[in-house]
Structures are given as structure tokens and as C-alpha cells.
Amino acid sequence: MKKLKIAAAALCVCFLFTAAYAANAGGQGDPLITLSYLNGPFTQQVKDLVDRTVTQRRAEMEQSLKDILAGGGSGSAPSGGSVFTVVTLSQGQSLVGDVGFEVMLRVGTAVCGSSDSVGLIDTTSGSALANGEALQTNHLYMATISPRWVTATAPVVKVLARGPYSIQ
């Protein structure tokens, strides 16, 4: 009988230790993740995080694109000047460029302007365009001396511009 009581007491102690250990399962020290948690709240948290990140990155990219597109009107080409910008001029307006400025007449008529006799370099034909001479449509011109400008002589003039410039 004494052995039976000792065995029952040992069994109770063993049961208590097992219950105490099971009560700690799933805590910070011993995390326990169930399939329902993975399929439910955890998956939703991951989806929400991805959605927020994608939305944030998209907004940043849209803002960068707006800044690039708006950069043409403000007078400077975006990041390194590798992108042409469409610039619309009214009759009498001038597009004034610094060294490295490139321009291509697409619509209307315009003349070259400079403070001396040499105006722009016509990179299409390899010749120099003198001060006051008309630009040819679809020819690419470059300013090698600052300042050089293109003045619109038609009611609406559209040019492609790249590099440092301002509209006056």
C-alpha cells in the first residue's frame, strides 16, 4: 500500500511538472505557432505590410516622375541631362541654354541667338549656325559657348531640349 501511495504521489508530481511545462508552451521563450494563426492573422499582417510598402514605393515613383516631367518647364533636364524634354514656346519667347545645351526644332520656326557671330553647332550637318539664322526642323543643335538661345518666330513652337536652359 505504501508503494502504491508513493507511485501515486510520483505520478501526481510528474503530472504537475507536465502541466506546468505545457502552460509555458507558446510563450515568448517557447513560441508555438498553429496553422490557423499562419493562415489567419499572420498572413493578413504580411499582406498588409506588402500593400503598404507597394503603395509607398508607388507614390515615391509617381512623385519622381512628376518631378522629372515638371523639370522641363523649370529649365533643367533631369538627372544627368540624358532625357529630352518637350518645350513649347510662344512667338517671341526664347530658350536660353548654357554649355552642353541641345535643342531640336520639331514644330514651327525659330532663329538662333548669341552675343557674338557664332550661334549654335548643327550636329546633324556638322556646320555652325550663325546668330540670327533659322533653325531647320529635325536638326540637332548644341551650344558650345554660353549663353546661346533659340527665339520662337511662329505663334507656337515646339522643341526638344536637353541640358541646362531657361525660358525667357
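For the structure, see preceding data.
Residues numbered from 1 in each chain as written. Predicted model: local features only at pLDDT ≥ 70, side-chain atom pairs only at ≥ 80, totals over all residues. Heavy atoms only, no water.

A. Spotlight on the nonpolar core. Formed by 20 residues in total, the largest nonpolar core has its most connected members in Leu 95, Val 103, Leu 135 and Val 157. The set of elements that each furnish at least two residues to this core consists of strand 1 (85-90), strand 3 (102-107), strand 4 (110-114), strand 8 (148-152) and strand 9 (156-162). Counting residues per element, this core draws most heavily on strand 9, at three residues. If sequence neighbours within four positions are ignored, Val 103 has contacts with Leu 95, Leu 120, Leu 135, His 139, Leu 140, Tyr 141, Val 150, Val 159, Leu 160 and Ala 161. (Core = buried A, V, L, I, M, F, W, Y, C linked by side-chain atoms within 4.5 Å. Buried < 20%, exposed > 50% of the residue type's maximum accessible area, 1.4 Å probe, protein only. Helix = DSSP H or I, 4+ residues; strand = E, 2+ residues; numbered from the N terminus. Contact = heavy atoms within 4.5 Å.)

B. Geometry of the environment of Met 142. You can see Met 142 is positioned in strand 7 (residues 140-142). Sequence separation between Met 142 and Thr 124 is 18 residues; the distance between their C-alpha atoms is 9.9 Å. If near-sequence neighbours (up to four positions away) are discounted, Met 142 is found in contact with Phe 101, Glu 102, Leu 120, Ile 121 and Thr 123.

C. Spotlight on the packing of aromatic side chains. Summed over all chains, the structure comprises two aromatic pairs. Measuring from ring centre to ring centre gives 6.2 Å for Tyr 37 and Phe 42, while their planes differ by 40 degrees; the resulting arrangement is tilted. Residue Tyr 37 is classed as partly exposed on the basis of its relative accessible area, which comes to 34%. Take Phe 42: its relative accessible area is 38%, and that puts it in the partly exposed class. Considering the side-chain rings of Phe 101 and Tyr 165, the 6.0 Å spacing of their centres and the 50 degrees angle between planes classify their relative orientation as tilted. With Phe 101 in the loop between strand 2 (94-97) and strand 3 and Tyr 165 in strand 10 (residues 165-167), this pair connects stretches of sequence that are 64 residues apart. (Phe/Tyr/Trp six-rings, centres within 6.5 Å; stacked < 30°, edge-to-face > 60°.)

D. Representation of the pairing of strand 4 within the structure. For strand 4, the tally of buried residues reaches four of five residues, placing the bulk of the element in the interior. Across five bridges, strand 4 lies against strand 8 in antiparallel orientation. Each bridged residue has a counterpart across the sheet, and for Ser 114 the counterpart in strand 8 is Arg 148. (Pairing = 2+ DSSP bridges.)

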